Amino acid sequence: MFSEKEASFVIDFFGNLKHTKGEWHGVKFELLPWQEKALREIFGTLKPDGYRQYNTAYIEIPKKNGKSELGAGIGLYMTCGDGEWGAEVYGCASDRSQASIVFDVAVDMVDQCPALKKRIKLVASKKRMIYTPTNSFYQVLSAEAFTKHGFNVHACIFDELHSQPNRELYDVMTKGSGDARRQPLFFVITTAGDDPDRQSIGWEVHKKAIDTLAGVRTDPGFYATVYGIEPEENRIWTGRKFKLLDKIDWESPKIWKLVNPSFGPALQFSKIKEFYDSVKGNPADERNFRWLRLNEWVKYRNTKWIPIEAWDKSAGLLNIESLKGRKCYAGLDLSSTTDITAFVQLFPPDDNNETWAVLPTFWMPEDGLEERAKQDGVPYMDWVKQGFIKTTPGNVIDYQFIRKTISGYNPNGLSTHCLRDDYDITELGFDPWHSTQIALDLTDDGLNCVEVRQGFKTMSPAMKELERLIRAGLLLHGGNPVLRWMFNNLTVKTDENENVRPVKDKSTGRIDGIVALVIALARAVLHENDSVSIYEERGLISL
């Protein structure tokens with residue numbers, strides 16, 4: 001049965017809140033039609049005993065449709081407005097940073113509502129707010145730090161379920177933890193996911209949602225609303241209904257509008273159009289548009305990045321002699337025992353040079369190289385003869401040989417000519433995986449070595465700057481065939497914040513030189529101010 005009184009009570013509660021971001025800051029929170037419809041149905045639909053029918057609500061929607069503020073309002077209502085003594089409300093996500101997004105919006109809402117502010121005690125260091133009249137609390141909880149027992153959940157606000165690393169937190173929070181409450185609510189609000197294997201908890205709950213809406217599955221306690229495209233089924237989800245089309249034209253503004261219910265007042269057409277124009281022609285970015293703006297569950301984590309033609313066009317003629325004595329930043333990607341090790345020096349523009357210049361050095365073990373060339377189908381032997389790959393003695397990579405080439409280290413105390421003698425290596429960035437010991441050795445030799453991890457936070461800004469340099473023809477690399485081969489092997493992995501990091505497209509497709517280049521660029525852009533970079537235009541993206 002439906003209770004207009006219960007539904008209206010929740011709507012009225014939201015009417016006391018205010019928006020927290022940008023031009024909407026301080027404006028009364030007037031629910032959009034799709035938001036009000038969902039809240040009325042979730043909170044107004046009751047069982048015969050008078051308690052809420054739905055204990056789980058799943059809302060899947062593209063980015064920038066007001067997801068965080070709706071989740072924050074739900075968190076506050078369940079903490080302060082639902083009449084539950086000692087309510088335990090948790091904001092959950094894959095990591096503390098993500099889990100804090102919705103919570104921080106709720107904190108801003110409280111600051112703008114005098115009635116709530118005087119009744120809520122904020123413990124900012126613990127990401128916890130306490131509603132003193134009922135001794136209830138709202139607490140951030142992430143998959144990376146939680147205990148398995150002791151929860152008495154009244155509500156759980158699950159943000160971006162698709163990004164959960166496993167199902168453990170979801171199961172702990174939703175299976176039995178709310179049994180002591182008469183009407184708990186597990187509120188999941190998420191975008192589509194990036195799950196080619198279709199094995200994640202995010203995909204599992206998404207599948208349950210669309211099966212429930214399509215009438216294939218029945219669960220009276222499960223409420224679902226989905227907006228997005230499903231090209232494999234030629235379906236467009238528009239809330240609690242779907243439309244079947246002959247073909248899904250993801251480039252059609254009509255489709256954009258159907259799957260973005262905040263289109264108009266909160267989400268301007270021009271913003272979506274600008275995003276579309278910026279991605280057109282780039283497969284990786286087009287995929288992101290379909291994923292993040294049209295809410296398509298994508299099947300391929302990794303996509304090609306920049307066409308090889310753009311790389312070739314940026315090659316230019318590299319005069320190695322002219323680089324001697326110039327300042328550079330280096331990146332070291334140390335291989336396992338038998339693979340390629342890459343050391344890339346990146347020379348920033350100066351008074352006499354308008355472009356960045358790239359000088360790579362590659363090493364492989366000498367023994368077994370011919371067999372490796374046949375096995376991988378790659379002309380390693382030709383590249384060795386041409387001087388593009390150097391070999392180290394033995395059948396495994398000799399790290400001390402590499403150390404000697406870079407720094408001139410010689411345990412016998414004899415002077416050895418090295419790369420440091422020819423170039424002014426300002427910093428050497430290294431991936432700590434496999435490289436910690438040689439980095440310590442090179443530091444002992446007098447080089448300034450800096451750890452650069454291979455995560456989205458570190459790699460994405462440098463990757464995007466590298467793309468800018470390549471497309472603008474500002475990266476001179478001389479067409480080195482090994483580096484070109486590695487660039488052609490490169491694909492990118494993207495997260496839900498549109499950050500990217502490099503990955504290889506197959507087991508034999510080495511990308512070590514490109515990774516070393518990105519490491520060097522990550523350090524260079526932190527020190528070079530002459531070249532306009534995405535850091536200056538946009539800043540870092542935090543994960």
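Up top is the structure these notes are about.
Read on for an overview of the structure. Only a predicted model underlies this, so the values are computations on that prediction, with no experimental measurement involved.

Below, the discussion takes up the overall build of the chain. Across its full length, the chain holds 21 helices and 20 strands. Seen through its principal axes, the chain has C-alpha atoms that stretch 85 × 55 × 45 Å. For the chain, the share of sequence-separated contacts (at least 6 apart) that also reach a separation of at least 24 residues comes to 69%. As displayed, the chain offers around 24100 Å² of accessible surface, 49% of which is attributable to carbon and sulfur atoms. Positive and negative side-chain charges in the chain, numbering 68 and 75 respectively, have mean positions lying 6 Å apart.

Let us now look at the environment of R290. Within the secondary structure layout, R290 lies in helix α10 (residues 283-293). Separated by 228 residues in the primary sequence, R290 and P62 place their C-alpha atoms 9.4 Å from one another. For R290, the residues in contact, after removing those within four places along its chain, are W250, N295 and E296.

Another point: the packing of helix α15 (residues 399-407) against helix α17 (residues 432-444). A pair of packed helices is characterised by two quantities: the angle between their axes and the separation of those axes. Contact geometry for α15 and α17: axes closest at 10 Å, N-to-C directions at 35°. Pair α15 / α17 crosses with right-handed handedness. The residues of α17 that touch α15, namely those facing Y399, Q400, I402, R403, I406 and S407, are I438, D441 and L442. The class makeup of the residues in the contact of α15 with α17 is five nonpolar, two polar and two charged.

The next subject is the environment of G44. Within the secondary structure, G44 sits in helix α2 (residues 33-44). For G44, a relative accessible area of 0% corresponds to the buried category. Taking the C-alpha atoms as reference, G44 lies 7.5 Å from K5; in sequence the two are 39 residues apart.

A few words on the packing of aromatic side chains. Applying the stated criterion to the full structure yields 27 aromatic pairs. Joined through ring pairs, the aromatic side chains of W250, W256, F263, F269, F275, Y276 and F289 make up one cluster. The ring of F242 carries R235 above its face, with NZ or CZ at 5.2 Å from the centroid. Here the basic side chain of R290 rests over the ring of W250, its NZ or CZ set 5.9 Å away from the ring centre.

Once that is clear, we can look at the sheet that holds strand β5 (residues 136-142). Note on sheets: strands pair through backbone hydrogen bonds, and any given pair is parallel or antiparallel. Spatially, the ten strands line up as an open sheet ordered β3-β4-β5-β2-β6-β7-β1-β8-β9-β10, and their pairing is mixed. Of all the strands in the sheet, the pair left with one neighbour each is β3 (120-123) and β10 (242-244). Direction aside, neighbouring strands of the sheet carry axes that sit 20° apart on average. Sheet strands touched by helix α3 (residues 67-81): β1 (56-60), β2 (88-93), β3, β4 (128-131), β5, β6 (155-159) and β7 (185-190). Its angle to β7, the strand with the most contacts, is close to 170°.

In this section: the side chain of T392. Here T392 is to be found in strand β15 (residues 390-392). Among the residues examined, T392 registers a relative accessible area of 0% and is labelled buried. At 3.3 Å, the side chain of T392 and the backbone nitrogen of D398 are in polar contact. Ignoring sequence-local partners within four residues, the contact set of T392 consists of W363, M364, P365, E366, I397, D398 and F401.

Let's shift gears to α3. Turn by turn, an α-helix covers 3.6 residues, leaving residues three or four places apart pointing in a common direction. In this model α3 runs 20 Å from its N-terminal to its C-terminal C-alpha over 15 residues, within 8% of the 21 Å that 1.5 Å per residue would give. In the stretch just after α3, G83 is the one whose phi turns positive, near 75°.

Moving on: the state of the cysteines. Considering all chains together, one arrives at zero disulfides under this definition. In this structure C449 is a free cysteine whose sulfur lies 12 Å from that of C328, the closest cysteine sulfur available. Overall, the relative accessible area of 16% leaves C449 in the buried class.

Calculation notes
Residues numbered from 1 in each chain as written. Predicted model: local features only at pLDDT ≥ 70, side-chain atom pairs only at ≥ 80, totals over all residues. Heavy atoms only, no water. Helix = DSSP H or I, 4+ residues; strand = E, 2+ residues; numbered from the N terminus. Contact = heavy atoms within 4.5 Å. Areas by Shrake-Rupley, 256 points an atom, 1.4 Å probe, with all protein chains shown as cover. Lys, Arg positive; Asp, Glu negative; His and termini not counted. Charge placed at Lys NZ, Arg CZ, Asp CG, Glu CD. Axes fitted to C-alpha atoms, helices over the stretch in contact; angles between N-to-C directions. Left-handed = near helix turned anticlockwise from the far one by under 90°. Nonpolar A, V, L, I, M, F, W, Y, C, P; charged D, E, K, R; others polar. Buried < 20%, exposed > 50% of the residue type's maximum accessible area, 1.4 Å probe, protein only. Phe/Tyr/Trp six-rings, centres within 6.5 Å; stacked < 30°, edge-to-face > 60°. Lys NZ or Arg CZ within 6 Å of the ring centre and 35° of its normal. Pairing = 2+ DSSP bridges. Polar contact = N/O pair within 3.5 Å; in protein donor to acceptor, adjacent residues only side chain to side chain. Expected span 1.5 Å × (residues − 1). Disulfide = S-S within 2.5 Å.

Read these as layout, nothing more, since geometry by itself doesn't imply function.
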